[in-house]
Amino acid sequence: MTGAVRLRSRRSRPLTPTARVRRLRRRITLLFALTSAVGLVAMAAWAVRGDDVRWRDQLDRTMSADTNWALGLLETDEDGRLDAGVLLDTAGTACPPLHLLSVPPDAARDARRIAPADLVVEHAPRRPCLTVDGPAVRRAAAAAVNADEERSLDGRTTTGEPVRLFALPFYPPEAEEDSRPQGALVTVADTAAQQADHRRLAWRVTGGCALLVCLSALVGHLLSGRAVRPALEALDRQESFLADAAHDLRTPAASLRTLAETALRGDTDSTDVHRRTLRLAEGMGSLVDGLLTRARLMSGTAVLAVEPLRLDQLVEAVVEDAPTDGHRVTVEAWETVVVADPDLVRRAVANLVGNALVHGHAPGAPAEVEVTVAVDGASTTVTVEDSGPGLPPEVAGALFDRFRSGSRSTGLGLSIASWVAHAHGGSLTAGPGRRGGARFVLRLPSGDRPSAEG
């Protein structure tokens with residue numbers, strides 16, 4: 001019973017948004033393939049059917065011409081009886097086989113339909129190249145006589161080969177308009193070659209349709225992938241935003257809780273607690289604003305608030321506000337102006353300086369951090385160099401990924417700094433410093449307005 005409940009709960013587990021988008025992609029691909037398959041199958045059926053009708057009509061026209069020529073050689077005697085002497089003397093009736101069947105006078109006067117058994121075989125080739133059963137010839141002749149027009153039908157020889165039977169009705173001399181046919185000439189043609197060509201065409205069309213359906217499914221899969229890619233990217237940005245928000249707000253939230261517990265115990269001055277609480281609240285507000293701004297920029301619903309900016313003054317202000325706690329930070333800055341978003345650049349520089357203060361020193365020793373602002377060609381660089389243990393080789397390739405840092409701790413500082421650089425059309429690189437530590441170079445373009453692509 002427990003196993004059944006667990007199985008039911010697994011089946012009813014809701015899909016994640018990403019899984020739903022991927023399922024939608026599969027359905028779009030399937031729908032595209034089915035639509036293409038229906039159209040291709042209809043076109044293939046029309047083409048195969050058209051080829052079948054075409055070769056039959058072409059063969060019927062050839063047989064009709066031969067039969068009408070033979071009909072011109074058919075004569076009647078003074079008593080109105082058929083005389084096939086001229087026909088037999090002039091044309092060979094063995095190949096293609098030519099059969100002459102007549103309607104008995106009493107049956108011709110009767111208004112009912114002529115039965116195949118009522119027809120009289122006036123002539124049949126002795127050694128035809130295609131031997132067809134007598135009932136099949138009679139059926140073809142009766143169909144032409146009863147319809148009062150030429151008729152054709154498919155049949156088989158006595159050895160099972162496919163043939164085409166063509167019957168042409170004829171009338172007595174000086175026949176009235178309402179008179180019935182006097183008989184019918186029936187000829188036979190081999191259709192093995194035509195049917196073999198038709199089957200080859202059908203297989204080729206079928207194979208081509210199968211190939212086109214596979215190609216359409218592949219194209220549909222690629223097109224559906226391009227169609228759902230923005231949705232997947234939006235979901236990825238949403239998950240990134242939630243992770244960033246949870247990470248950045250975890251520390252100040254814990255600090256607020258600690259302050260609240262301290263205030264409840266009465267271990268410290270309430271004024272100091274309130275002051276520290278206010279600072280944490282302001283910091284959390286700035287964090288939330290920054291995260292929301294990043295989410296809007298990445299989703300394309302907002303643009304960078306760029307303006308001319310004294311980068312050297314911004315860097316000096318960031319270093320002055322940084323919590324050094326016994327560490328030493330020196331700044332060497334030349335007067336530089338960039339067009340950028342001040343809030344985002346300030347956060348990127350603060351993340352780089354904070355990362356150097358935390359990881360750029362040996363345990364128990366103060367950090368020595370150098371920050372340099374300079375112009376390098378068409379761009380402006382902010383270089384943050386420390387004297388710590390340097391970058392471990394195993395994390396160098398994924399240093400700017402989310403939740404990675406030089407000391408294997410979880411963090412977003414470097415990834416956010418890298419995103420800010422790319423959003424402004426710049427870059428963030430890392431490498432070994434002159435004193436054995438890490439060296440980060442934030443490069444921003446000078447003069448031109450940056451793009452808002454992230």
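I will try to describe carefully the structure that is included in this document.

Rules used throughout
Residue indices begin from 1 for each chain and proceed along its sequence in written order. The predicted nature of this model means local features are confined to residues of pLDDT at least 70 and side-chain atom pairs, given and counted, to a pLDDT of 80 or more, with totals for whole chains, interfaces and linings taken over all residues. Excluding hydrogens and water, the side-chain values take into account all heavy atoms of the structure. Nonpolar cores were defined as sets of buried Ala, Val, Leu, Ile, Met, Phe, Trp, Tyr and Cys residues, with membership established by side-chain atoms within 4.5 Å. Three labels apply to residues, based on accessible area from a 1.4 Å probe with only protein chains included: buried if under 20% of the type maximum, exposed if over 50%, partly exposed otherwise in between. Comment: elements are numbered from the N terminus, with helices defined as DSSP H or I runs of at least four residues and strands as E runs of at least two. Two residues qualify as a contact provided that any one of their heavy atoms is within 4.5 Å of a heavy atom in the partner residue. We treat two strands as partners when DSSP finds at least two bridges between them. Angular values range over 0 to 180 degrees, each being the angle between N-to-C directions of two axes fitted as lines to C-alpha atoms, with helices fitted over their stretch in contact. Any cysteine sulfur atom paired with another within 2.5 Å is treated as part of a disulfide. Salt bridges are defined as contacts in which a side-chain nitrogen from Lys or Arg sits within 4 Å of a carboxyl oxygen from Asp or Glu. Here the expected span of a helix is defined as 1.5 Å times the quantity of residues minus one. Distance and chemistry together define a polar contact, namely a pair of N or O atoms within 3.5 Å, with one atom able to donate a hydrogen and the other to accept it when in protein, and with adjacent residues in sequence counting only for side-chain atoms on both sides. Should the near helix be turned anticlockwise from the far one by less than a right angle, the crossing is left-handed, and should it be turned clockwise, the crossing is right-handed. The residue classification treats Ala, Val, Leu, Ile, Met, Phe, Trp, Tyr, Cys and Pro as nonpolar and Asp, Glu, Lys and Arg as charged. All others, Gly included, are polar.

## What about the nonpolar core?
Piece 1. If you look at the biggest cluster of nonpolar residues, it comprises 39 residues, and the most contacted ones within it are Val315, Val345, Val349, Leu352, Val369, Val371 and Leu442.
Piece 2. Every element with two or more residues in this core is listed here: helix H8 (311–321), strand E10 (337–340), helix H9 (342–359), strand E11 (368–376), strand E12 (379–385), helix H11 (413–423) and strand E14 (438–445).
Piece 3. Considering every element that reaches this core, the biggest residue donor is H9, with eight residues.
Piece 4. Once residues within four sequence positions are removed from consideration, Val371 is found in contact with Val315, Val319, Val329, Thr330, Val331, Glu332, Val353, Val382, Thr383 and Val384.
Piece 5. Counting residues in hydrophobic clusters, the runner-up holds 19 residues, among them Ala136, Ala141, Ala142 and Val188.

## A word on the sheet that holds E11
Piece 1. One open sheet accounts for five strands, arranged E9-E11-E12-E14-E13; its pairing is mixed. Bordering the open sheet on either side are strand E9 (328–333) and strand E13 (427–432), each of which pairs with just one other strand. Ignoring strand direction, the axes of neighbouring strands in this sheet form an average angle of 15 degrees.
Piece 2. Judged from the seven bridges that link them, E12 and E14 form a sheet pairing that is antiparallel. Among the inter-strand pairings, Val384 is bridged to a residue of E14, identified as Phe440.
Piece 3. Contacts from H8 reach E9, E11 and E12, with the element oriented near 170 degrees to E9.
Piece 4. H9 rests against E9, E11, E12, E13 and E14 of the sheet, and its axis sits at about 170 degrees to E14.

## Structural notes on the sheet that holds strand E6 (residues 162–170)
Strand pairs in the sheet, formed through backbone hydrogen bonds, run parallel or antiparallel to each other.
Piece 1. Read across the sheet, five strands follow the order E4-E3-E7-E6-E5 without closing on themselves; strand pairing throughout is antiparallel. Looking at which strands have only one partner, the edges of the open sheet turn out to be strand E4 (120–123) and strand E5 (151–156). With strand direction ignored, the average angle separating the axes of adjacent strands in the sheet is 30 degrees.
Piece 2. As defined by bridge partners, strand E3 (residues 98–102) adjoins strand E7 (residues 183–190) across five bridges and the pair is classed as antiparallel.

## Overview of unusual backbone geometry
Piece 1. Of note, the bond from Cys95 into Pro96 is cis; its omega dihedral lies within 30 degrees of zero at 0 degrees.
Piece 2. Residue Asp148 is not a glycine yet carries a positive backbone phi of 60 degrees.
Piece 3. Here Asp148 shows up in the loop between helix H5 (134–147) and E5.
Piece 4. Since its relative accessible area comes to 40%, Asp148 is described here as partly exposed.

## With respect to the state of the cysteines
Piece 1. Here the structure, examined in full by the defined rule, presents one disulfide.
Piece 2. Covalently, Cys95 is tied to Cys129 through a disulfide, its sulfur atoms 2.5 Å apart. Taking the torsion about the S-S bond as the criterion, the Cys95 to Cys129 disulfide, at about 90 degrees, is right-handed. Taken together, the residues Cys95 in the loop between helix H3 (85–90) and E3 and Cys129 in the loop between E4 and H5 connect sequence positions 34 residues apart.
Piece 3. A relative accessible area of 55% means that Cys95 is categorised as exposed.
Piece 4. Classification of Cys129 by relative accessible area gives partly exposed; the value is 39%.

## Topic: the pattern of salt bridges
Piece 1. Applying the stated criterion to the full structure yields 16 salt bridges.
Piece 2. Notably, a salt bridge pairs Asp60 with Arg164, separated by 3.0 Å at the nearest N-O pair. Taken together, the positions of Asp60 in helix H2 (residues 17–71) and Arg164 in strand E6 put the pair 104 residues apart, joining distant regions of the chain. With respect to burial, Asp60 and Arg164 carry one shared label: buried.
Piece 3. Between Glu335 and Arg310 there is a salt bridge, and its shortest N-O distance comes to 3.9 Å. Of this pair, Glu335 sits in the loop between E9 and E10 while Arg310 sits in strand E8 (residues 307–310); the two residues are 25 residues apart in sequence, bridging distant segments of the chain.
Piece 4. Here Glu335 falls in the exposed class, since its relative accessible area comes to 61%.
Piece 5. Salt bridges here are not isolated pairs; linked through shared partners, they connect Arg49, Asp52, Arg56, Asp60, Asp154 and Arg164.

## Regarding H9
Piece 1. Taking 1.5 Å per residue as the helical rise, H9 with its 18 residues ought to reach 26 Å, and the 26 Å between its terminal C-alpha atoms agrees with that figure.
Piece 2. If you check which residues of H9 are buried, you get Pro342, Leu344, Val345, Arg347, Ala348, Val349, Asn351, Leu352, Val353, Asn355, Ala356 and Leu357.
Piece 3. Between the side-chain oxygen at the start of H9 and the backbone nitrogen of Asp343 there is a gap of 3.1 Å, and the oxygen is on Asp341.

## Brief notes about the packing of H9 against H11
Piece 1. One way to put it is that H9 packs onto H11 with a least axis distance of 9 Å and a crossing angle of 145 degrees. Handedness of the H9/H11 crossing: left-handed. On the side of H9, the interface is formed by Leu344, Val345, Arg347, Ala348, Asn351, Leu352 and Asn355, while H11 contributes Gly413, Leu414, Ile416, Ala417, Trp419 and Val420.
Piece 2. Across the contact of H9 with H11, the residue classes tally to nine nonpolar, three polar and one charged.

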